[in-house]
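Okay, here's what each chain looks like letter by letter:
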Protein chains: 2
Amino acid sequence: MKQMTYITGGVCAPKGFRAAGIHCGIRSKDSQKKDLALIVSDQICSAAAVYTTNKVKGAPLAITKEHLKDGRAKAVICNSGNANTCAPGGKELARKTCELTAAQIGAKEQDIIVCSTGVIGEPLSIEPFEKAMKPLVEQLSYDGGTMAAEAMMTTDTVSKECAVEFELNGVPCRLGAAAKGSGMIDPNMATMLSFITTDAAVSPEMLQKALSEDIKDSYNQLSVDGDTSTNDTVAILANGMAGNQEITEEGADFRCFTKALGLVTSVLVKKLARDGEGATKLIECQVKGAPDKKTARCLSKSVIRSDLLKAAMFGQDANWGRVLCALGYAEADFDASDIQVEMSSAKGSVKVCEGSALFPHSEAAAAEILSEEEIRITVDLNQGRESAAAWGCDLTYDYVKINGDYRS
Amino acid sequence: MKQMTYITGGVCAPKGFRAAGIHCGIRSKDSQKKDLALIVSDQICSAAAVYTTNKVKGAPLAITKEHLKDGRAKAVICNSGNANTCAPGGKELARKTCELTAAQIGAKEQDIIVCSTGVIGEPLSIEPFEKAMKPLVEQLSYDGGTMAAEAMMTTDTVSKECAVEFELNGVPCRLGAAAKGSGMIDPNMATMLSFITTDAAVSPEMLQKALSEDIKDSYNQLSVDGDTSTNDTVAILANGMAGNQEITEEGADFRCFTKALGLVTSVLVKKLARDGEGATKLIECQVKGAPDKKTARCLSKSVIRSDLLKAAMFGQDANWGRVLCALGYAEADFDASDIQVEMSSAKGSVKVCEGSALFPHSEAAAAEILSEEEIRITVDLNQGRESAAAWGCDLTYDYVKINGDYRS
């Protein structure tokens, strides 16, 4: 099998996907930030999605779920600036948005995926969608992925894209994705918004299986602030235009496809964590020597979620006691008596804890290692062979600033 | 029954309790902050305690548990500045501390409760205890409660005490308490440190029952930062010197006693929340109309724990969408379709959400209400008769500052 390689681009990297993003006026009128994104496949796609587990859900999720019942879709329409959640007439608006999109691109309303992200509880008008749909569709292009990624952004400071090329039984295929999200991020069975495209042919069932499995080690292991959003959605579209034999069961092709998917989502998760609201650092926590995978996932995420640890990372303080504290209160069953903790970055590595107690080290050297922008905390539980990682960011003055005054 | 009334004082408000607090040098030598507290009863007490559920536990907890097996205690020794957790020789040190205390006050080692609070993972020496025990005991006095409360403080900015007077079958009794805690606060079946004294006679079994029940609605409903500490301990001592007939079963006296206990712990919980690290506001979330008590507790605490809501409160932003979001991701089973939210303070009240959607209101008026130091968020689920409250604080620049640089 040919090596999988990262390629430039995002949702337009696979064959037959066009995208666009424009400013339609959902955001305050003086801002010209793009707020409406469209992704369209030339051919009908197999499609699958995962959604937030929050009981308070954005109105678009109900419509998208309904439209994906048949496992088929052709386009994604997504606005930023307003979450269309807890607002009157939300479902009707989401439905109407699909109608407008379908009419303009010549598709069925049932083949449109609709998403919204932004402020909760403010009414959203259909007017900006009506005015913008024609120019938006006219702007669609095979290299419009970045425009779409930009139009999805809320408090994100950079757009997030990733793509990979791989082979299925000798046929070159591509998989690309865009993601947005910076605050209210602690996905659970889903995430902020991420749209994934591929030109590989994959049945809807296998697409759902691949996605549902992938998020356990990617998006669900991400936390910016412990707040699970009301609008989290990850959707994947496979248009089959690469020409491979459709994947309809497990086997070598499916494994290859899930590996490609994992390469893309793992990069996007790190980009999301690094761009967490106010973040100055990407923090990765690797837990190894765990009795089982679930325990490893749970413990690594507990460390990443700890406000105290996050503030210590901001302060470049190797406060490993907070790592042990966060492991200890996680909802997991493990032996906490022989834990080892190392902290590392491009500047080196320092062991700070062994046998669940202080391992003598230089505080100055540790602070130097923690001065980097990418920090890894490696925890060894010394009681098994399983491992997992989770990603997050530091807690900074700017997180408080951004969220003390988000709506004004 | 005579009305229960709040009285001045803390752990020394009940008859026969002396206390003291001094600087013994556990904290950095240039600081003169008190770091060693002692509370001693004139007579042997019934005693009970609850502890953290964190799997990583401070060494003193094991010794205190062992000493409380017989349900009896005479004194509490507690240092601040070092948690004696994940440090070599921790249990031996805690045991030796009890020995020193017992010898100096003329008690049995098994009748001493020992606690530590402060930095995790740094070795603690017995030397400061050895040097300080004699002057500490000499300083014991019947109005030394505040000194002990001060010596327990870490990042606390004020000491926390409360006391109440009540009658058991015509006999006047008193119950008082001290508490510490400002960060790493999200108690689970226990809390930071709180010591409660009473001169009522209560059997160890009924004391444990009263305490275990009380914390469900008091300390366990408190969150400063979602981090459950390794050293949380709440201990209660009843010396019987009021002369009432010992409470050995449920009934009118027990109900009266638990009410007195609840009056004191509910005040301390609010004091702890208001003094959360960096906090400028006390936030209370009342959830009513819930199908059951557990759901009400879980939902109110989820709101209080949300970093996004906490930052919004700091910014005086009535961002009720974040309240609904935090209700929605709580681990509880309820209907999220008809939620009402009100925000209130001494300046008035404003309804911001009805039927789980925006209720039209003036943002300016809401901001004015949120400018106060005590904020109440009232959530009505409209689906039952149960209610519960939780307490926390806002998330501020100073929380980040304090925790980015705690150890230096």
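Predicted model only: the values in this text are computed from it and were never measured. Residue numbers restart at each chain and count upward from 1, following the sequence in its written direction. Here the convention is simple: chains get letters from A, ligands get numbers from 1, in the order in which they are written. Local features in a predicted model are, by the rule used here, given only for residues with pLDDT of at least 70; side-chain atom pairs are given and counted only at 80 or more, and totals for whole chains, interfaces and linings are based on all residues. Note that the side-chain values use all heavy atoms of the structure and ignore hydrogens as well as water.

1. Comments concerning the overall build of chain A
If you tally the helices and strands in chain A, you get eleven helices and 16 strands. C-alpha atoms define the radius of gyration, and 2.2 Å times the number of residues to the power 0.38 defines the globule rule. In terms of C-alpha radius of gyration, chain A reaches 22 Å, essentially the compact-globule figure of 22 Å for 408 residues. C-alpha atoms of chain A, sized along the principal axes, occupy 65 × 55 × 35 Å. A buried classification covers 62% of the 408 residues belonging to chain A. We call two residues in contact whenever any of their non-hydrogen atoms come within 4.5 Å of each other. The contacts of chain A with a sequence gap of at least 6 include a subset with a gap of at least 24, amounting to 81%. For every accessible area listed, the method is Shrake-Rupley and the probe measures 1.4 Å; residues are considered covered only by the protein chains on display. Only carbon and sulfur atoms are counted for the fraction: they give 47% of the accessible area of chain A, which is about 14,300 Å². Strands are runs of DSSP state E lasting at least 2 residues, helices are runs of H or I lasting at least 4, and numbering of each runs from the N terminus. With a 1.4 Å probe rolled over the protein chains alone, any residue whose accessible area is under 20% of its type maximum counts as buried; one over 50% counts as exposed, and the rest are partly exposed.

2. Observations concerning the sheet that holds strand 16 (residues 386-393) of chain A
All names here are of chain A. Pairing between two strands requires that DSSP report at least two bridges joining them. In spatial order, the strands read 9-16-11-15-12-13-14; together these seven strands make up an open sheet with mixed pairing. Both outer strands of the open sheet, strand 9 (222-223) and strand 14 (357-358), are each paired with one neighbouring strand and no more. In this sheet, strand 16 lies alongside strand 11 (residues 282-290) in antiparallel orientation, the contact comprising seven bridges. Each residue of the ladder has a partner; that of I283, found in strand 16, is G392.

3. Examining the packing of aromatic side chains
Two rings from Phe, Tyr or Trp (for Trp, the six-membered ring) form a pair when their centres sit within 6.5 Å of each other. Planes less than 30 degrees apart are called stacked, planes more than 60 degrees apart edge-to-face, and all others tilted. The tally for this structure, following the rule as stated, stands at five aromatic pairs over all chains. Here F314 of chain B and Y397 of chain B contribute two aromatic rings whose centre-to-centre distance is 5.4 Å and whose plane-to-plane angle is 90°, an arrangement assigned as edge-to-face. Of this pair, F314 of chain B sits in helix 8 (residues 307-314) while Y397 of chain B sits in helix 11 (residues 397-404), and the two are 83 residues apart along the sequence. Judged by relative accessible area, F314 of chain B falls into the partly exposed class, the value being 23%. What links up through ring pairs into an aromatic cluster is the set F314 and Y397 of chain A together with F314 and Y397 of chain B. Above the face of the Y142 of chain A ring, R18 of chain A is positioned so that its terminal group lies 6.0 Å from the ring centre. Comment: the charge-over-ring label is applied if NZ (Lys) or CZ (Arg) is within 6 Å of the ring centre and within 35 degrees of the ring normal.

4. A short note on unusual backbone geometry
The phi dihedral of N382 of chain A falls on the positive side, at around 55°, and the residue is not glycine. Summarising the element assignment, N382 of chain A is placed in the loop between strand 15 (374-380) and strand 16. For C86 of chain B, which is not glycine, the phi torsion reads 55° and is therefore positive. Residue position: C86 of chain B is located in the loop between strand 4 (72-80) and helix 2 (90-105).

5. Quick look at the relation of the copies chain A and chain B
Aligned on chain B, chain A shows an RMSD of 0.0 Å; the corresponding rotation is 180° and the shift along the axis is 0.0 Å. In symmetry terms, the pair is related by a two-fold rotation axis. Residue Y397 of chain A of chain A places its C-alpha closer to the rotation axis than any other residue of that unit, at 2.5 Å. Residue by residue, 100% of the interface of chain A is reproduced at the interface of chain B, so both copies engage with the same surface. Each copy is superposed on the other by least squares, with the fit set by C-alpha atoms of residues at a pLDDT of at least 70 in both.

6. Comments concerning helix 6 (residues 252-274) of chain B
For a helix, the expected span equals 1.5 Å multiplied by the number of residues minus one. Compared with the 33 Å implied by 1.5 Å per residue over 23 residues, the 33 Å span of helix 6 of chain B between its first and last C-alpha is a close match. Every buried residue of helix 6 of chain B is accounted for by F254, C256, F257, A260, L261, V264, T265, L268, V269, L272 and A273 of chain B.

7. Some words on the interface of chain A and chain B
A common way to report how large an interface is uses the accessible area buried once the components associate. Counting residues at the interface gives 52 residues for chain A and 52 residues for chain B. Accessible surface is computed with a 1.4 Å probe, and the buried area is the amount of it that two parts give up when combined, taken over both parts together. Surface buried jointly by chain A and chain B totals about 4,300 Å² across both partners, of which 58% is contributed by carbon and sulfur atoms. Any carboxyl oxygen of Asp or Glu that lies within 4 Å of a side-chain nitrogen of Lys or Arg is treated as forming a salt bridge with it. Seen at the junction of chain A and chain B, the total is zero salt bridges. Throughout this description, a polar contact denotes any pair of N or O atoms lying within 3.5 Å of each other; where both atoms belong to protein, one of them has to be capable of donating a hydrogen while the other can accept it, and for residues adjacent in sequence the pair is counted only when both atoms sit in side chains. Put simply, chain A and chain B have 13 residue pairs in polar contact (both at pLDDT 80 or more) between them. Elements represented by at least two residues in the side of chain A that touches chain B include exactly helix 8 (307-314), helix 9 (320-328), strand 14 and helix 11 (397-404) of chain A. Residues that form the side of chain A that touches chain B fall into these classes: 25 nonpolar, 16 polar and eleven charged. Amino acids outside the nonpolar list (Ala, Val, Leu, Ile, Met, Phe, Trp, Tyr, Cys, Pro) and the charged list (Asp, Glu, Lys, Arg) are all regarded as polar, and Gly is one of them.

8. Topic: the pairing of strand 11 (residues 340-345) of chain B
Residue and element names in this part refer to chain B. As paired elements, strand 11 and strand 14 (residues 374-380) share five bridges and run antiparallel to each other. Considered in strand 14, the bridge of V341 is made with V379. Where strand 11 meets strand 12 (residues 348-354), five bridges bridge the pair, whose relative direction is antiparallel. The partner of E342 across the bridge, within strand 12, is K351. The antiparallel hairpin formed by strand 11 and strand 12 contains two residues in its connecting segment.

9. Points about the pairing of strand 7 (residues 171-180) of chain A
Residue and element names in this part refer to chain A. Of all ten residues making up strand 7, nine are buried, and the element is well covered by its neighbours. Pairing of strand 6 (residues 160-168) with strand 7, which is carried by nine bridges, proceeds in the antiparallel orientation. In the sheet register, C162 faces strand 7, and the bridge partner there is A177. In this structure, the hairpin formed by strand 6 and strand 7 is closed by a connection of two residues, where N169 is found at a positive phi of approximately 55°. Here strand 7 runs beside strand 8 (residues 193-198); their pairing, made up of six bridges, is antiparallel. Along strand 8, the bridge assignment pairs A179 with S194.

10. Examining the nonpolar core
In terms of nonpolar packing, the biggest core is built from 92 residues, with M343, I377 and V379 of chain A together with M343, I377 and V379 of chain B touching the most fellow members. In contact with I377 of chain B, other than residues within four places in its own chain, are I283, E284, C285, Q286, L309, M313, V323, V341, E342 and M343 of chain B. Of all hydrophobic cores here, the second largest spans 41 residues; its members include M4, C173, A238 and F254 of chain A. We define a nonpolar core as any set of buried Ala, Val, Leu, Ile, Met, Phe, Trp, Tyr and Cys residues linked to one another through side-chain atoms lying within 4.5 Å.

11. Thoughts on the side chain of E161 of chain A
Residue and element names in this part refer to chain A. Considering the arrangement of structural elements, one finds E161 in strand 6. Buried and unpaired, E161 has K271 as its nearest opposite-charge partner, separated by 7.2 Å. Of note is the side chain of E161, whose polar atom sits 2.7 Å from the side chain of T146. With residues near it in sequence (within four places) discarded, E161 still touches G9, G10, G145, T146, A149, A177, A178, L268 and K271. Residues scored as charged are limited to Lys and Arg (positive) and Asp and Glu (negative), so that His and the chain ends carry no count.

12. Section: the pattern of salt bridges
Within the structure shown, the criterion is met by 34 salt bridges over all chains. Note that E354 of chain A and K351 of chain A form a salt bridge whose closest N and O atoms lie 2.6 Å from each other. The exposure class of E354 of chain A is partly exposed, given its relative accessible area of 36%. For the salt bridge of D199 of chain B with R174 of chain B, the shortest nitrogen-to-oxygen distance reads 2.9 Å. Note that D199 of chain B is positioned in the loop between strand 8 (193-198) and helix 5 (204-217) and R174 of chain B in strand 7 (residues 171-180), a separation of 25 residues in sequence. A single burial state applies to D199 of chain B and to R174 of chain B, both of which are buried. Among the ionic contacts, a cluster of salt bridges with common partners joins D156, K160 and D275 of chain A.

13. Topic: the confidence of the model for chain A
The pLDDT value expresses, per residue, how confident the predictor is, ranging between 0 and 100. Of all residues in chain A, 97% have pLDDT values of 70 or greater, and the mean over the chain is 90. Here the prediction assigns the complex a pTM of 0.81, and the interface score ipTM is 0.78.

14. A few points about the packing of helix 2 (residues 90-105) of chain A against helix 3 (residues 127-138) of chain A
Residue and element names in this part refer to chain A. Here an angle of 0 to 180 degrees is reported between the N-to-C directions of two axes, which are lines fitted to C-alpha atoms, with helices fitted over the stretch in contact. Helix 3 packs onto helix 2 with a crossing angle of 30° between their chain directions and a minimal axis gap of 10 Å. In terms of orientation, helix 2 lies roughly parallel with respect to helix 3. As for the relative orientation of helix 2 and helix 3, their crossing is right-handed in sense. In contact with L93, K96, T97, L100, T101, Q104 and I105 of helix 2, helix 3 contributes F129, E130, M133, K134 and V137. Of the residues that constitute the contact of helix 2 with helix 3, the class distribution is six nonpolar, three polar and three charged. For this classification, under 35 degrees means roughly parallel, over 145 means roughly antiparallel, 65 to 115 means roughly perpendicular, and everything else is oblique. Crossings are sorted by hand: turned counterclockwise from the far helix by less than a right angle, the near helix makes the crossing left-handed, and turned clockwise it makes it right-handed.

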